[in-house]
Amino acid sequence: NQQKINLDDYIDRDIVGYHVENNLIAIEIFFVRNGRITARSHKVFETYDEPLISLENYLAQFYQKHPLPKELLLPLNLDSNVLHELLKTKILHPKRGGKAHLVKLANLNAQEHLKEQIHLIKRTKQRTTEAVKALGELLQIPTPYRIEAFDNSNLFGEHAVSAMVVFLDGKPAKREYRKFKIQYTGKTNSDIDMMKEVLYRRYYRMLMEDLPKPDLIILDGATQQMSAAKEILQSLNLDIPYAGLVKNNRHKTNHLLLPTSKTIKIDETSNIFHLLTRIQDEAHRFVVTYHRNVRSKSLFH
């Protein structure tokens, strides 16, 4: 929205404000054209330099790509000599009046954006890094930074496929996802046979090609899936923690099934619950999409 401001002229000017906290700097620029704030730009990034040097460098780069105004209003404590040399435009450090008020406003906006960003970072950390750590503690295993989760999909035994999704530090690593077209040709494509085949192919290949080893394997929580995992991991002489995700009768993630057949109820308000639900939903989405593609290709043929 265009905000009217009280300055006695209609000079095109940019107003710069900033705020620093927790090694983060927020920079706010108001663009004043014809006596109105017509647009704003805000940027938040990590800084390990002196904050004012970071601000100076940012502005030097910013004005290589954006038109220079007739006048640039900067906070009082920013030394403008270098910028003046580089930008060749009028630079002011207003101390009072309408212009000083605008710089103060830009500083306040920068502070507000930084507060939002810090909250977002904290929230993301709770949902990812901290949730992964808590999951490790719940399962009594080292923190599972790399989680691999599997899901199967078939329609009356036709076009059986499986898929694996990978979460690194609580975030999906889509480049690492893998699809498997089931090769097993027995009379039934039972879930246990599919799971055995997929786990064998995945972890045999991991050993052969020296691929990264997961810290935790997550399966759809049926008991037969767990026994498939036990058999395959033992046959490959692999000691990787694994657990099954069991849904309740409302098809909602409800508890974890351990190799010992012990179950652990998950608090539905916890970050662990939300992490596991995201992993399960992502595995399901990925395998269903793949299955749909395979099925439509087959129908087309």
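Data block above holds the structure.
None of the values given here were measured: they were computed from a predicted structure. (Residues numbered from 1 in each chain as written. Predicted model: local features only at pLDDT ≥ 70, side-chain atom pairs only at ≥ 80, totals over all residues. Heavy atoms only, no water.)

### As for helix H6 (residues 223-235)
And then number 1: An ideal rise of 1.5 Å per residue puts 18 Å on 13 residues; H6 measures up with 19 Å between its terminal C-alpha atoms.
And then number 2: Among the residues of H6, Gln225, Met226, Ala228, Ala229, Ile232 and Leu233 are the ones counted as buried. The arc that holds the buried residues of H6, viewed along the axis, is 155°, so those residues lie on one side. Opposite the buried face of H6, at more than 90 degrees from it, the exposed residues are Thr223, Gln234 and Ser235. (Helix = DSSP H or I, 4+ residues; strand = E, 2+ residues; numbered from the N terminus. Expected span 1.5 Å × (residues − 1). Buried < 20%, exposed > 50% of the residue type's maximum accessible area, 1.4 Å probe, protein only. Arc of directions from axis to C-beta.)

### Overview of the pairing of strand E12 (residues 242-247)
And then number 1: Counting buried residues along E12, 5 of its 6 residues qualify, which places the element largely inside the surrounding structure.
And then number 2: Bridge analysis of strand E11 (residues 216-220) against E12 gives 4 bridges, and the strand direction is parallel. Looking at the pairing, Ile218 lines up with Ala243 of E12.
And then number 3: In this view, the connection linking E11 to its parallel neighbour E12 by way of H6 has right-handed handedness. (Pairing = 2+ DSSP bridges. Right-handed = clockwise from strand over helix to strand, strands pointing away.)

### Things to note about unusual backbone geometry
And then number 1: Although it is not a glycine, Gln140 sits at a positive phi angle of roughly 60°.
And then number 2: With respect to the helices and strands, Gln140 occurs in the loop between helix H4 (129-139) and strand E7 (146-155).
And then number 3: Of note, the phi angle at Ser261 is positive, near 75°, even though the residue is not glycine.
And then number 4: Along the polypeptide, Ser261 turns up in the loop between strand E13 (253-257) and strand E14 (263-265).

### Here's the deal with the side chain of Glu28
And then number 1: With respect to the helices and strands, Glu28 occurs in strand E3 (residues 24-33).
And then number 2: Of the side chains bearing the opposite charge, Arg40 lies closest to the buried Glu28, which forms no salt bridge; the N-O distance is 4.9 Å.
And then number 3: A distance of 2.9 Å separates polar atoms of two side chains, one belonging to Glu28 and the other to His113.
And then number 4: Once residues within four sequence positions are removed from consideration, Glu28 is found in contact with Ile15, Val16, Gly17, Arg40, Ser41, His42, Ala106, Asn109, Ala110 and His113. (Lys, Arg positive; Asp, Glu negative; His and termini not counted. Salt bridge = Lys/Arg side-chain N within 4 Å of Asp/Glu carboxyl O. Polar contact = N/O pair within 3.5 Å; in protein donor to acceptor, adjacent residues only side chain to side chain. Contact = heavy atoms within 4.5 Å.)

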